[in-house]
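Residue-level listing of the chains:
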Amino acid sequence: MPQRRTNNSASQSRSHSKARASLTTTKNSPVSSQPTKLWGGRFKTRTHQLVERFTTSLPFDQRLYPYDIQGSIAHCKTLHHAKVLTRKECQTIIQGLEKVLREIQRGRFEFRNEDEDIHMSIERRLTQLIGPLGGKLHTGRSRNDQVALDLRLYVREALTTVSSGLRELQKALIVQARRYIHVIMPGYTHLQRAQPVLFAHHVLAYVDMFERDKGRLSDALTRLNVLPLGAGALAGTNYPIDRKFTAKLLDFPAVTTNSLDTVSDRDFVVEVLNACSLLMMHLSRISEEFILWSSQEFQFIEMSDSFCTGSSMMPQKKNPDVAELVRGKTGRVYGHLMSVLTTLKGLPLSYNRDLQEDKEPLFDALDTVTDSVTIYAELIKRLKVRQDVMAEAVQSGLLFATELADYLVRKGIPFREAHAIIGNLVGYCTAQKKDLAHITLTELRSHSSRFSKDASALLSPEGAIQRKAQIGGTARIQVEKRLRVLEKRLL
Ligand code: ARG
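Here's what I pulled together on the structure shown here. (Residues numbered from 1 in each chain as written. Predicted model: local features only at pLDDT ≥ 70, side-chain atom pairs only at ≥ 80, totals over all residues. Heavy atoms only, no water.)

### Brief notes about the pairing of strand β2 (residues 192–198)
Working step 1: Across six bridges, strand β1 (residues 184–189) lies against β2 in antiparallel orientation. Paired with threonine 189 across the bridge in β2 is glutamine 192.
Working step 2: The hairpin turn running from β1 into β2, its antiparallel successor, is two residues long, and histidine 190 in that turn takes a positive phi close to 55°. (Pairing = 2+ DSSP bridges. Helix = DSSP H or I, 4+ residues; strand = E, 2+ residues; numbered from the N terminus.)

Pasting the structure below:
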């Protein structure tokens, strides 16, 4: 699991305005005009506290700490491998880093805004713990390639979490498809009843969508799984480090090939946000259906009480809030995609501080997607299908209009003509207030002499289903086949 909410940062990463709002806070943390940190020899005055608060990424990048330390340990080993650090120095630094890690994990680490970001925080503490030797860790490295590494490591793990969440969700859908395998429901186009379909067929449509989502995530992973460390600030590094050695330590199959591109590239953030957006779009669509289906108007499904909420005023209400919120959060994830794309569009090579704006949208999108996928698997497990209501909805004869038209085609009538004949028949039924399911052979024959006795067999949901027997169709044989493949692959 990626370290999602550490220590006191519980909701900080979600609250985009937190660091900025604090600029005007007067009550608890008055803005003093006292300068704080001194940036080494180049600077005569210290950073203004306003600037410090405005520029810090610590409130949201502290969740990168395990990856930052992991990357630093690998970098340290690489420096030793390149004979820049002695074995002893390398060991002491690694021990110091491990101590910092433990401090953070135990909530004993002090995050100070004046450290600016997680990278500086960890290095500052390391130096406090092991002395000036700590200052050697950053040899041949810049925060520019360091943050690119941390982010890739973070995303790599987060994607695994999202993918396994998606798999759980698929499993829940597959189990429901099997549980209600015999149920037939109206299939819709334009939200108008169109043709009967198997409920399982409808549910498995979402399994296919989520399969593509997993594909997009693993596709993004292939491209982001490349070591950026060694690019330095922008041009590479003056030390004879072996980047492939570092890559092996951190389990990257390859290293990046252009240092300028490496420190300025956030394509992978956009790709992940894109995959997250599509995934949320799918969740939003299923939410929309569940909301409709659980309404008084449809009554196709029942959501568990434990996954709904009541109204503070209307005692009869049982609201599908989880589905509504997932639908709502979809907009938020789309927004993050747009936000990062917009941040990137005007940037000259190579690193620019604007890039720090990649983190909050990325983290929030990954949190939102992970939470949504997780809660959805549980919601689906608890869904009940009102088979009686679905069965009744599917009885309406209008769902068989296409069956009758295709019957006439089989009797030699061109499809367009058959379409018109059945159109007339439907008009006749509507005028007579008669359902197509109750039409007599005489009435059928008055519309076309090609109708004979066997036509009445067409007016059953089961028959309509069974005739759709091509790959991808809703015939039982096809749905069963697909369900078995999915059960074998995913359960
Ligand atoms: N907090 C920075 C970020 O997220 C880290 C890199 C800072 N680099 C720099 N040259 N100021 O992008």
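### What to know about the side chain of serine 277
Working step 1: Tracing the sequence through the fold places serine 277 in helix α11 (residues 267–293).
Working step 2: The exposure class of serine 277 is buried, given its relative accessible area of 5%.
Working step 3: In contact with serine 277, other than residues within four places in its own chain, are Val333, Tyr334 and Leu337. (Buried < 20%, exposed > 50% of the residue type's maximum accessible area, 1.4 Å probe, protein only. Contact = heavy atoms within 4.5 Å.)

### Overview of the site of the ligand
Working step 1: Around the ligand lies a shell formed by Ser57, Asp117, His119, Arg143, Asn144, Val147, Tyr351, Gln356 and Lys359.
Working step 2: In the environment of the ligand, a nitrogen atom lies 3.5 Å from a nitrogen or oxygen atom belonging to the side chain of arginine 143.
Working step 3: Contact distances for the ligand include 2.5 Å between an oxygen atom and a side-chain N or O atom of lysine 359.
Working step 4: Within the complex, 87% of the 350 Å² of free accessible area of the ligand lies under protein.
Working step 5: For the shell around the ligand, the element with the most residues is helix α7 (residues 143–179), which contributes three residues. (Near = heavy atom within 4 Å. Polar contact = N/O pair within 3.5 Å; in protein donor to acceptor, adjacent residues only side chain to side chain. Areas by Shrake-Rupley, 256 points an atom, 1.4 Å probe, with all protein chains shown as cover.)

### Comments concerning helix α12 (residues 321–345)
For an α-helix, 3.6 residues make a turn, and residues three or four places apart therefore share a direction.
Working step 1: Between the first and last C-alpha of α12 there are 37 Å, a value that for 25 residues agrees with the 36 Å anticipated at 1.5 Å per step.
Working step 2: Those residues of α12 that are buried lie in contact with α11 and α13 (359–381). (Expected span 1.5 Å × (residues − 1).)

### Here we look at the nonpolar core
Working step 1: Phe290 and Tyr376 are the most contacted members of the largest nonpolar core, which totals 112 residues.
Working step 2: Once residues lying within four places of it in the same chain are set aside, the contact partners of tyrosine 376 are Leu169, Leu283, Ile286, Ser287, Phe290, Ala323 and Val326.
Working step 3: Counting 20 residues, the second largest nonpolar core, distinct from the first, contains Ala405, Phe451, Leu458 and Leu459. (Core = buried A, V, L, I, M, F, W, Y, C linked by side-chain atoms within 4.5 Å.)

### Concerning the side chain of aspartate 150
Working step 1: Summarising the element assignment, aspartate 150 is placed in helix α7.
Working step 2: Polar contacts involving the side chain of aspartate 150 include one to the side chain of histidine 119, which spans 3.3 Å.
Working step 3: Leaving out residues up to four positions away in the same chain, aspartate 150 has contacts with Leu64, Tyr67, Asp68 and His119.

### Some remarks on the pattern of salt bridges
Working step 1: Inspection of every chain in the model, using the stated rule, returns 33 salt bridges.
Working step 2: Its salt-bridge partner being glutamate 288, residue arginine 327 comes within 2.4 Å of it at the nearest N-O pair. Taken as a pair, arginine 327 in helix α12 and glutamate 288 in helix α11 lie far apart in primary sequence, 39 residues in all.
Working step 3: The class of arginine 327 is partly exposed, set by a relative accessible area of 30%.
Working step 4: Residues glutamate 403 and arginine 467 are paired through a salt bridge, measuring 3.0 Å at the closest nitrogen-oxygen approach. (Salt bridge = Lys/Arg side-chain N within 4 Å of Asp/Glu carboxyl O.)

### Points about empty space enclosed by the protein
A water-sized probe rolled over the atoms picks out the places where empty space is left.
Working step 1: Evaluation of the coordinates by the stated rule reveals four cavities of 30 Å³ or more.
Working step 2: By volume, the largest cavity amounts to about 70 Å³.
Working step 3: Together, Leu173, Gln176, Tyr180, Phe199, Val203, Phe290, Trp293, Ile301, Ile380, Leu383 and Val385 line the largest cavity.
Working step 4: Elements that contribute at least two residues to the lining of the largest cavity include exactly α7, α8 (199–224) and α11.
Working step 5: Broken down by class, the residue content of the lining of the largest cavity amounts to 10 nonpolar, one polar and no charged. (1 Å grid on protein atoms, 1.4 Å probe; cavity = no way out; pocket = protein on both sides within 12 Å on 5 of 7 lines; lining within 4 Å. Points joined across faces, edges and corners; volume = space filled by probe spheres on them. Nonpolar A, V, L, I, M, F, W, Y, C, P; charged D, E, K, R; others polar.)

Everything listed is a geometric property; what it means functionally is a separate question.
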